[in-house]
Amino acid sequence: MTDPGHALGQPYAQVAVDTALTVSGIRFADEGATGEDSEDEGWLQRTFHYGIPAELRGQVRPGQLVWVPFGARQLQGIVVALDDTSPVAETRDILALLDPEPALSAEQLALANWMSTRYLTPLSAALLAMIPPALQQRATMRYEALPGGDLAALKPTARALYDLLIEHGALTAAELARVAPVKTWRPHLRTLVADGYVRETTVLTEPRIRPHKEELVRLLATDRATWPSGRSPRQLAVLELLARCLEGGSGWVRVADIRQQTGASSATVRALADKGLVAIRQETVWRDPLAGMRFVPIASPTLTPDQELVWQTIAADLEQPQGHPFLLQGVTGSGKTELYLRAVERVLAQGRGAIVLVPEIALTPQIIRRFGARFPEVLAVMHGALSPGERYDQWRRIRSGELRVVVGARSAILAPVQHLGVVVVDEEHEWTYKQDQQTPHYHAREAAIERARLAGASVILGSATPDLGSYYRAQRGELCYLALPRRVIGHRGVIDQMLAENGVTHSRYTPVAAETLYADLPEVQLVDLRAELRVGNSAMFSRALDQALGETLAAGEQAILFVNRRGMASAVVCRDCGYVSQCPRCRLAMAYHARPPRLLCHHCGWREPVPEICPACGSRRIRYLSAGTERVESEVLRTHPEARTLRWDSDTATTAQSHEQFLSRFMQGEVNVLVGTQMVAKGFDLPLVTLVGVVLADTALHLPDLYSGERTFQLLTQVAGRAGRSVLPGKVIIQTYQPEHPAVQAAARYDYEGFAQAELAFRREHRYPPYTQLVRLEYADGDAERAHSETERLARMLNERIALLGMYGVDVIGPTPPYFARARGRWRWQLLVRGLDPLRLLRDLRLPLGWRIDVDPVSLL
């Protein structure tokens, strides 16, 4: 016989709750949920069993947001599974459903579980990362003074708090914080609650974002003879406007448009409605970040033979995915984006969806226009620069299946795309795909591979300079390697039209008969700044770069000057011979510290005094490298006053709109010299750029980071690829004090294979990724000594644990301060755990507050 309770639905739900939640400024201990803890899940994947009340049986589903009691609080939770039984006899019930529709799909729940395991992050944090902030309601506590009690027994601060509550009435914690007599009021409030002087109750906050509604108006009295006499001029203007719109067929008109065109207020419109002359209704309106953008449809170009060969392989996988992600290595300008577009087009025809990731918000305007021209009706964008309302509405439309193509930065991989068919990760080597600012610290490339596996979808990882880890995996057969070795300029007719529209003369361009045009990668010239100094040129620009810049401006073409500002804290370099102080143990550049003066390896902690003379050549011209975009722009205007410059960096481009405006100004020719940081090195297709100058390659080259050589090679190669993207020939000039450095030499030759083999040999010798895995443990504290001692304590504990578990292939490096030893007033110390499986050592380790775990860090700075 069927259990009547079970017939109504399973009686228990496993709920992930953010138990470390900070409520209104008061941090509570993890007091548990009266025995519902599912300890068999492990603390990272911990869930809590709750009963499903009879009125909700059959309605509760995995992925839904719910309110649950937790200790003395009420918290938001996410249902991750339903159960027939509970591991404990007594459970508390779910209080309410926040939304009848699941916020997360089964695929997203599985992805969150993978993120929790892979990146040692609480499951609740991984789940919350997939939900727009608008849905993340929280509870706050309200405090009310109770009459009676022995007030004389209260301490002065507690008495002052009690009197405030008597005077003001019930207050939330946030309101109390504004009027409290001392900063340390919280312990006194807890005492008042515990002793019965104050009552605390839970108050649920209202959603921060709701669906946006607008009022629409339609004319009812179509016969002007029925309009009553004595109308005000504003009322008459409204009626006339609505009559014209009705005759034109539009009918309903937005109140905002009426106000703009007639000056009438909402009260005027309502007065007409009261007289029965007009009808008013509300309509939900999407907050669309693409509103106002015009997409010009374009036909798909004919594929080149190289593209066709790659496309046939990708197309076969789209029909029947084999579970092997593609690594598409294509030189800059080889036509990777066209293959992305075709892949998306194919899955849309199959009734499936797509996610396209780009590494920077700065890249989204250009790629949105490319995808919007092909898929304007189903395109969504997801990135951090959206307003909360825009993000909420985009999420709702994606979840409903209305929008099936999502283009965006890192977080777009978490979007609720239905029936996912393909995931594209453009510029897959970029370190910005790693979320290192907040929990969970996931890498979007790895999350893309896992999500595609869960969905049975294809994955395309594209780059001209693949991440060495991806390249290594392709060599091992874990990724399917595809190549586009030739740069495609375009089709002859399109190029002629583009040049004519931009007023570019054909003096440097001879049309050819071939329909599809190819080009060699631009010539790269290395300039030895040591030689410039020897002939008396101490200026920022070498003679070669200064001359090339003048010729470019005279020809009516454009230039990009690249400055890497990440090198603001300098390495020590000899300006005569190029010697750079390196750690003898790690072969990484040592950083200069002024207090006390010393050189320090931020990888292993090796220390040396600052040299007064060069150990290699005896020169006294030891300098600390630094460069900045503002100074470079000033130098351009000083040496070439005819230049029209634009500085593009994090100081000037503060919004997503800034990026689009800067790109538009540059492409329309308002600017002919673009001075920028890393964001100008990525992905842009700028056909009138014929010169790229790297002002100083060494700043990135000598950062004390395991990945500095790889990062430098990638940056130089990528920024070089911005030149010569049309029939106009391009040129690249790289200024450096170390032209003989392997990364610089390889970039100048576009020799990815040679660089990869040399760098991988170094990594293998020193047991660095991809041959091992790294986990970074960082501790921050306002007290420098406490930060150091806490890190040493954990290092001892981890080494003891390694010995106990017999994990002799795992070692602990450090403690050592990171390169930026102090951030936001807190001192930082770090440990690196290295080995084939360091997660085994750390998986059950519960670190106290102040610690941060970063699995597979992309930077050690």
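Up top is the structure these notes are about.
Presented here is an overview of the structure given in this document. Quick caveat: nothing in here was measured; it's all calculated off a predicted structure.

1. Looking at the pattern of salt bridges
Under the defined criterion, the tally for this structure stands at 43 salt bridges. Here arginine 118 ties to aspartate 856 by a salt bridge, and the two come within 2.6 Å at their closest N and O atoms. Remark: aspartate 856 occurs in the segment after β38 (851–855) and arginine 118 occurs in helix α2 (residues 106–118); sequence separation between them is 738 residues. With relative accessibility at 22%, the residue arginine 118 sits in the partly exposed group. For aspartate 856, a relative accessible area of 24% gives the class partly exposed. Taken together, the salt bridges that share partners define one network made up of Glu428, Arg445, Glu446, Asp467, Arg473, Arg476 and Glu478.

2. Comments concerning the sheet that holds strand β15 (residues 353–357)
The 7 strands lie next to each other as β16-β17-β15-β18-β19-β14-β20, forming an open sheet whose pairing is parallel. Every other strand in the sheet has two partners, leaving β16 (379–382) and β20 (480–484) as the edge strands with one partner each. The average angle at which neighbouring strand axes cross in this sheet is 20°, direction not considered. As judged from the 4 bridges shared by β16 and strand β17 (residues 405–408), these two strands associate in the parallel manner. Of the residues in β17, the one forming a bridge with valine 381 is valine 407. Its contacts with the sheet place helix α10 (residues 305–319) against β14 (326–330), β18 (420–426), β19 (458–463) and β20, and it is angled at close to 150° to β20.

3. Quick look at the nonpolar core
Ranked by internal contacts, the top residues of the largest apolar core, which has 74 residues, are Leu127, Ile413, Leu777, Leu798 and Leu842. Among all residues touching leucine 842, those that are not within four sequence positions of it are Leu120, Val775, Leu777, Leu798 and Val833. Val689, Val719, Ile734 and Ala748 belong to the second-largest nonpolar core, a separate cluster that totals 40 residues.

4. Looking at the packing of aromatic side chains
Scanning the model with the defined rule gives 10 aromatic pairs in all. Measuring from ring centre to ring centre gives 5.8 Å for tryptophan 114 and tyrosine 119, while their planes differ by 90°; the resulting arrangement is edge-to-face. This pair shows no difference in class: tryptophan 114 is buried, exactly as tyrosine 119 is. Seen in terms of ring centroids, tyrosine 471 and tyrosine 752 are 5.3 Å apart; in terms of plane orientation they differ by 75°. Their pairing is edge-to-face. Remark: tyrosine 752 occurs in helix α24 (residues 752–765) and tyrosine 471 occurs in helix α15 (residues 468–475); sequence separation between them is 281 residues. Across the pair, tyrosine 752 and tyrosine 471 agree in class, each one buried. Clustering of aromatic rings is evident, with ring pairs tying together Tyr471, Phe713, Tyr752 and Phe755. Above the plane of the ring of tyrosine 119 lies arginine 118, whose end atom (NZ or CZ) is 5.2 Å from the centre. In this structure, arginine 281 is placed above the aromatic ring of tryptophan 252, and the distance from its NZ or CZ to the ring centre is 4.4 Å.

5. Some details on α10
The terminal C-alpha atoms of α10, which comprises 15 residues, lie 21 Å apart, in line with the 21 Å expected from a rise of 1.5 Å per residue. Buried residues along α10 sit against β14, α11 (336–349), β18, β19 and β20.

6. Overview of the packing of helix α7 (residues 233–247) against helix α8 (residues 255–262)
To describe two helices that pack against each other, one gives the angle between their axes and the distance between the axes. Relative to each other, α7 and α8 sit at 120°, their axes nearing to 10 Å. If you check the angle between α7 and α8, you find them oblique. Classified by chirality, the crossing of α8 by α7 is right-handed. For the pair α7 and α8, contact is made by Arg234, Ala237, Val238, Leu241 and Leu242 and by Ile258, Gln261 and Thr262, respectively. Of the residues assigned to the contact of α7 with α8, the class counts are 5 nonpolar, 2 polar and 1 charged.

7. Quick word on unusual backbone geometry
The omega angle of the peptide bond from threonine 439 to proline 440 is 0°, so this bond is cis rather than trans. Here proline 440 lies in the loop between β18 and α14 (444–455). Looking along the chain, the bond that leaves glycine 814 and enters proline 815 is cis, with omega of 10°. For proline 815, the position within the fold is in strand β35 (residues 811–816). Here glutamate 427, not a glycine, exhibits a phi torsion of approximately 50°, which is positive. As for its placement among the helices and strands, glutamate 427 is situated in the loop between β18 and α14.

8. Quick word on α24
For α24, which comprises 14 residues, the first-to-last C-alpha distance of 20 Å matches the rise-based estimate of 20 Å (1.5 Å per residue) to within 8%. Among all positions of α24, only Tyr752, Phe755, Ala756, Glu759, Leu760, Phe762 and Arg763 are buried. Summarising the axial view, the buried residues of α24 lie within an arc of 155°, below the 170-degree limit, and thus occupy one face. At its buried positions, α24 is contacted by β14, α15, α22 (708–720) and α23 (742–749). Once α24 ends, the next one or two residues include arginine 767, with phi positive near 55°.

9. Points about the environment of leucine 529
Along the chain, leucine 529 falls in helix α17 (residues 529–534). Overall, the relative accessible area of 9% leaves leucine 529 in the buried class. In the structure, leucine 529 is positioned 207 residues away from threonine 736 in sequence and 5.7 Å away in space, judged by C-alpha atoms. Among residues more than four places away in sequence, those in contact with leucine 529 are Leu696, Gln735, Thr736 and Tyr737.

10. Overview of the packing of α22 against α24
One way to put it is that α22 packs onto α24 with a least axis distance of 11 Å and a crossing angle of 170°. With respect to α24, the axis of α22 lies roughly antiparallel. Contacts from Gly709, Glu710 and Phe713 of α22 reach α24 at Tyr752, Phe755 and Arg763. Here the residues of the contact of α22 with α24 are counted per class, giving 3 nonpolar, 1 polar and 2 charged.

11. Description of the pairing of strand β32 (residues 689–694)
With 6 of 6 residues buried, β32 is to be regarded as a mostly interior element. The pairing of strand β24 (residues 558–562) with β32 spans 5 bridges and is parallel. The partner of isoleucine 560 across the bridge, within β32, is valine 692. The pairing of β32 with strand β33 (residues 731–736) spans 4 bridges and is parallel. Its bridge partner being in β33, valine 692 is matched across the sheet by valine 732.

12. Things to note about the sheet that holds strand β31 (residues 673–676)
In spatial order, the strands read β23-β33-β32-β24-β31-β30; together these 6 strands make up an open sheet with parallel pairing. Among the strands making up the open sheet, the edge pair consists of β23 (523–528) and β30 (645–648). Here the average twist between neighbouring strands, direction ignored, is 15°. Sheet contacts for α22: β24, β32 and β33; angle to β32, the most-contacted strand, approximately 155°.

13. Some words on the pairing of β24
Judged by how many residues are buried, β24 sits mostly within the fold: 5 of 5 residues are covered. Where β24 lies against β31, 4 bridges are found, and the strand directions are parallel. For phenylalanine 562, the partnering residue across the bridge sits in β31 and is glycine 676.

Cut-offs and rules
Residues numbered from 1 in each chain as written. Predicted model: local features only at pLDDT ≥ 70, side-chain atom pairs only at ≥ 80, totals over all residues. Heavy atoms only, no water. Salt bridge = Lys/Arg side-chain N within 4 Å of Asp/Glu carboxyl O. Helix = DSSP H or I, 4+ residues; strand = E, 2+ residues; numbered from the N terminus. Buried < 20%, exposed > 50% of the residue type's maximum accessible area, 1.4 Å probe, protein only. Pairing = 2+ DSSP bridges. Axes fitted to C-alpha atoms, helices over the stretch in contact; angles between N-to-C directions. Contact = heavy atoms within 4.5 Å. Core = buried A, V, L, I, M, F, W, Y, C linked by side-chain atoms within 4.5 Å. Phe/Tyr/Trp six-rings, centres within 6.5 Å; stacked < 30°, edge-to-face > 60°. Lys NZ or Arg CZ within 6 Å of the ring centre and 35° of its normal. Expected span 1.5 Å × (residues − 1). Parallel < 35°, antiparallel > 145°, perpendicular 65-115°, else oblique. Left-handed = near helix turned anticlockwise from the far one by under 90°. Nonpolar A, V, L, I, M, F, W, Y, C, P; charged D, E, K, R; others polar. Arc of directions from axis to C-beta.

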